[in-house]
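Chains, contacts and geometry: an overview
So you can see what is in the structure, the chains are spelled out below.
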Amino acid sequence: MIELYDGNNVMRRAYERKFQMPGQKTISLRQRLGSMNSNHIWVWDGGNHNLRRREIYHPYKMNRTPMAEDVFSQIRLWKDLLKHTSAAQIRVYGWEADDVIGTLVRKHPGRFRV
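Here's a quick rundown of the structure. (Residues numbered from 1 in each chain as written. Predicted model: local features only at pLDDT ≥ 70, side-chain atom pairs only at ≥ 80, totals over all residues. Heavy atoms only, no water.)

**Some details on the environment of E3**
Threshold: The helix count covers DSSP runs of H or I at least four residues long, the strand count covers runs of E at least two residues long, and both are numbered beginning at the N terminus. Whether two residues are in contact is decided by their heavy atoms, any of which lying within 4.5 Å being enough. Under the rule applied, a polar contact is a pair of N or O atoms within 3.5 Å (in protein, one hydrogen donor and one hydrogen acceptor; residues adjacent in sequence only if both atoms are side-chain atoms).
With respect to the element layout, E3 can be found in strand 1 (residues 2-6). Taking the C-alpha atoms as reference, E3 lies 9.4 Å from S38; in sequence the two are 35 residues apart. Among all residues touching E3, those that are not within four sequence positions of it are N39, H40, I41 and R113. Side-chain polar atoms of E3 contact the side chain of R113, separated by 2.4 Å.

Next up, the structure:
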C-alpha cells in the first residue's frame, strides 16, 4: 500500500501542534522522517494552486490566515530532508495537493492510503 501525504496540510498542522488526529497516536516529524520509504509519496501544492478554484468561487480561502514564514521555512526544510529518503515528492503547477491526491486515488483505486 502506498501512503500519500498532503505535504502543506501535514506541515501546517504539525506547526500548529494539531498533528494528532482523533484515534491516532502523536507522531513527531522526526519519527515520521525515520519511517520514510519508497511507499511514501508527499504531494505539495503547485504554483498558482488557488487560481483554478478562485475562478469558480472568488472568495476561496480569502479569509484564511496566511501561513507564517516559519511554516514556509519548515516546509522548505522538510522537502530538503525528504530528498535524503526514498520517498517521492510531487508538485503539479496549478493544482492543490488534495486535487492531485484525489486524482491518483480515483484513477488507481485500492493502491493508496491517504
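**So, the pattern of salt bridges**
Which entries qualify depends on this criterion: The working definition used for a salt bridge is a side-chain nitrogen of Lys or Arg within 4 Å of a carboxyl oxygen of Asp or Glu. Categorising residues by exposure relies on relative accessible area from a 1.4 Å probe, with only protein chains included: less than 20% of the type maximum marks a residue as buried, more than 50% marks it as exposed, and the intermediate range marks it as partly exposed.
Tallying each qualifying case throughout the model produces 3 salt bridges. We note a salt bridge from R76 to E69, for which the minimum N-O separation is 2.7 Å. Taking the shortest distance from any N to any O, the salt bridge between D80 and K83 comes out at 3.5 Å. Judged by its relative accessible area of 60%, K83 falls in the exposed class.

**Regarding the packing of helix 1 (residues 7-15) against helix 4 (residues 69-82)**
Packed helix pairs are specified by the crossing angle of their axes together with the interaxial distance, meaning the distance between the axes. Put simply, the rule reads: Orientation is described by lines fitted to C-alpha atoms, with helices fitted over the stretch in contact, and by angles between N-to-C directions that extend from 0 to 180 degrees. For classification purposes, an angle smaller than 35 degrees is called roughly parallel, one larger than 145 roughly antiparallel, one from 65 to 115 roughly perpendicular, and anything else oblique. What makes a crossing left-handed is the near helix being turned counterclockwise from the far one by less than a right angle; a clockwise turn instead makes it right-handed. In this classification, the charged set is Asp, Glu, Lys and Arg, the nonpolar set is Ala, Val, Leu, Ile, Met, Phe, Trp, Tyr, Cys and Pro, and all remaining amino acids, among them Gly, are polar.
Running from N to C, helix 1 and helix 4 point in directions that differ by 125 degrees, and their axes come no closer than 10 Å. By the angle class used here, helix 1 and helix 4 are oblique. As helix 1 packs across helix 4, the resulting crossing turns out to be right-handed. When helix 1 is examined against helix 4, the residues N8, M11, R12 and Y15 are found in contact with a partner set consisting of D70, V71, Q74, I75 and W78. When the residues that make up the contact of helix 1 with helix 4 are grouped by side-chain class, the tally is 5 nonpolar, 2 polar and 2 charged.

**Observations concerning the packing of aromatic side chains**
For any two aromatic rings, the description comes down to two numbers: the centre-to-centre distance and the angle of the planes. Cut-off, in case you're wondering: Side-chain rings of Phe, Tyr and Trp, where Trp is taken by its six-membered ring, are said to pair if the distance between their centres is within 6.5 Å; with planes under 30 degrees apart they count as stacked, over 60 as edge-to-face, and otherwise as tilted. Placement of a positive charge over a ring is assigned whenever Lys NZ or Arg CZ falls within 6 Å of the ring centre and within 35 degrees of the normal to the ring plane.
Tallied over the full model, the rule gives 3 aromatic pairs. Judged by centre distance (4.5 Å) and plane angle (15 degrees), the ring pair of Y5 and W42 falls under stacked. Within this pair, whereas Y5 is found in strand 1, its partner W42 is found in strand 2 (residues 40-44), the two being separated by 37 residues in sequence. For Y5, a relative accessible area of 9% corresponds to the buried category. For W42, a relative accessible area of 0% translates into the label buried. Members of the aromatic cluster, each reached through a chain of ring pairs, are Y5, W42, W44 and W78. In this arrangement the basic side chain of K79 is found over the ring face of W44, its NZ or CZ atom lying 4.9 Å from the centre.

Scope: geometric values only; no functional claims are made or implied.
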